[in-house]
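The chain contents come next:
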Amino acid sequence: MHETLSDWLALREPADVAARSAALTRAVVEKLPRDRPLRAVDLGTGTGSNVRYLSRDLPAEQEWLLVDRDPALLAEAARSLRPLRSTVVETREMNLGVLEPDIFSGRDLVTASALLDLVSETWLRALADECRAASTTALFALTYNGRSHCSPEEPEDEMIRELMNRHQRQNDKGFGRAAGPDAVDIAERCFAAAGYHVRREPSDWVLTPDARELQRQLVEGWASAAREIAQEQTSVIDDWLRRRLEHVDANRSRITVGHEDLAAWLRS
Ligand SMILES: C[S@@+](CC[C@H](N)C(=O)[O-])C[C@H]1O[C@@H](n2cnc3c(N)ncnc32)[C@H](O)[C@@H]1O
């Protein structure tokens, strides 16, 4: 397992960058104002990966509010973004479980990456309503959609995937019971109901054999989630993990993890 959340976020950042929909990002950028500094908020910012990705394509002058409950991650994000020219970064340590209108007020863009599968349907409805009230554009990248494929295949792959998806739906990180793999469908409904035009694009991780450490930590994470859901299957899960790690160590493992990006904007 990864040492810290920061280590895990650093390990996954190149895969995230490769996976994200550049077309959807461009579509969002076209909706944003260019005649004044852009005001954006990144929810669950971690070490700022989403801001690093977006800041290259956004209008030159940017004012970011980065929100997370973890002060160490926020400090790392602020440090890493300091060299970006014309970008003002403010951080706010807060539990996003209850959304406060002032983080949305006056923003042009509300964004997040790798967050929506952690949140509940009720929270997504509140998010869409807050975005609507502030008339913001929205972009949510890299939401897990419940699909994955491993090659070479092992007989238990499907069982582990189902256990892992059940585990995702039992998560509660302070947002209520997580929508998990259903999050993008639910977010689409919530934003459409709030009056938004919604567009979705795939952003799957396609991990090649050289992404050994990421693959290793990924399958170890799946095994640990599966064990929590089905303790009675521990020996089956451990045996599956041993074979999957052998594939990784032998440079023959390919893993696809299904993600989607979702954007929402108000028609002018
Ligand atoms: C999977 S990480 C994604 C981080 C970052 N957006 C990225 O793509 O690298 C989820 C982030 O949400 C934050 N988080 C989780 N629950 C939260 C909560 N209730 N309030 C605020 N932040 C939370 C975590 O601290 C973590 O930084």
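Preceding this paragraph is the structure being described.
The structure contained in this document is the topic of the report that follows. (Residues numbered from 1 in each chain as written. Predicted model: local features only at pLDDT ≥ 70, side-chain atom pairs only at ≥ 80, totals over all residues.)

### What to know about the overall build of the chain
Each helix and strand in the chain was counted, giving nine helices and eight strands. In terms of C-alpha radius of gyration, the chain reaches 19 Å, essentially the compact-globule figure of 18 Å for 268 residues. Along the longest, intermediate and shortest principal axes, the C-alpha atoms of the chain span 60 × 40 × 35 Å. Across the 268 residues that make up the chain, the buried fraction comes to 44%. (Helix = DSSP H or I, 4+ residues; strand = E, 2+ residues; numbered from the N terminus. Rg over C-alpha atoms; globule rule 2.2 N^0.38 Å. Buried ≥ 20, exposed ≤ 12 C-beta atoms within 10 Å, placed from the backbone.)

### Things to note about the site of the ligand
Around the ligand sit 20 residues, and of these Gly44, Gly46, Arg69, Ser113 and Gly174 come closest. Split by residue class, the shell around the ligand holds seven nonpolar, nine polar and four charged. (Near = placed C-beta within 6 Å. Nonpolar A, V, L, I, M, F, W, Y, C, P; charged D, E, K, R; others polar.)

### Section: helix H6 (residues 157–170)
Taking 1.5 Å per residue, 14 residues should reach 20 Å; H6 reaches 20 Å between its end C-alpha atoms and fits that length. Along H6, the positions that sit buried rather than exposed are Ile160, Leu163, Met164, Asn165, His167 and Gln168. On its buried face, H6 sits against strand S5 (137–151), helix H8 (212–229) and helix H9 (234–249). (Expected span 1.5 Å × (residues − 1). Contact = placed C-beta atoms within 7 Å.)

### Some details on the environment of leucine 163
In this fold, leucine 163 is placed in helix H6. Residues leucine 163 and proline 202, 39 residues apart in the sequence, show an inter-C-alpha distance of 23 Å. In contact with leucine 163, other than residues within four places in its own chain, are Ala225, Ala226, Ile229 and Ala230.

### As for helix H4 (residues 71–81)
Owing to its 3.6 residues per turn, the α-helix aligns residues three or four sequence positions apart on the same side. Every buried residue of H4 is listed here: Leu73, Leu74, Ala77 and Leu81. Buried positions in H4, seen along its axis, are confined to an arc of 100° and lie on one side of it. The outward face of H4, more than 90 degrees from its buried face, is lined by the exposed residues Pro71 and Arg79. Each element contacted by the buried residues of H4 is listed here: helix H1 (5–19), helix H3 (49–55), strand S2 (62–68) and strand S3 (87–93). (Arc of directions from axis to C-beta.)

### A word on the packing of helix H5 (residues 121–133) against helix H7 (residues 183–193)
Orientation of H5 relative to H7, taken along the N-to-C sense of each, is 35°, at an axis distance of 9 Å. Read as a crossing pair, H5 and H7 show a hand that is right-handed. Facing H5, whose interface residues are Glu121, Leu124, Arg125 and Ala128, H7 presents Ile186, Ala187, Cys190 and Phe191. Of the residues belonging to the contact of H5 with H7, the class tally is six nonpolar, no polar and two charged. (Axes fitted to C-alpha atoms, helices over the stretch in contact; angles between N-to-C directions. Left-handed = near helix turned anticlockwise from the far one by under 90°.)

### A word on the nonpolar core
Generally speaking, a soluble globular protein has its nonpolar side chains buried in company with each other. One finds Val119, Leu124, Phe140 and Ala187 to be the most contacted residues of the largest nonpolar core, which totals 72 residues. Counting residues per element, this core draws most heavily on H8, which supplies seven residues. What valine 119 contacts, discounting residues up to four positions off in sequence, is Leu124, Phe175, Ala178, Ala179 and Ala183. (Core = buried A, V, L, I, M, F, W, Y, C linked by C-beta atoms within 7 Å.)

### Section: the packing of H1 against H8
Closest axis-to-axis distance for the H1/H8 pair is 10 Å, and the angle between their directions is 120°. Classified by the interaxial angle, the pair formed by H1 and H8 is oblique. For H1 against H8, the interelement crossing comes out left-handed. Between H1, through Trp8, Leu11, Arg12 and Ala15, and H8, the contact on the second element is made entirely by Glu213, Leu214 and Gln217. In the contact of H1 with H8, the residues fall into four nonpolar, one polar and two charged. (Parallel < 35°, antiparallel > 145°, perpendicular 65-115°, else oblique.)

### Some details on the pairing of strand S1 (residues 38–43)
For S1, the buried fraction is high: five of the six residues fall into the buried class. Pairing of S1 with S2 involves six bridges; the strand directions are parallel. Looking at S2, one finds that leucine 43 is bridged to valine 67. Considered for its hand, the β-α-β crossover made up of S1, H3 and S2 is right-handed. (Pairing = 2+ DSSP bridges. Right-handed = clockwise from strand over helix to strand, strands pointing away.)

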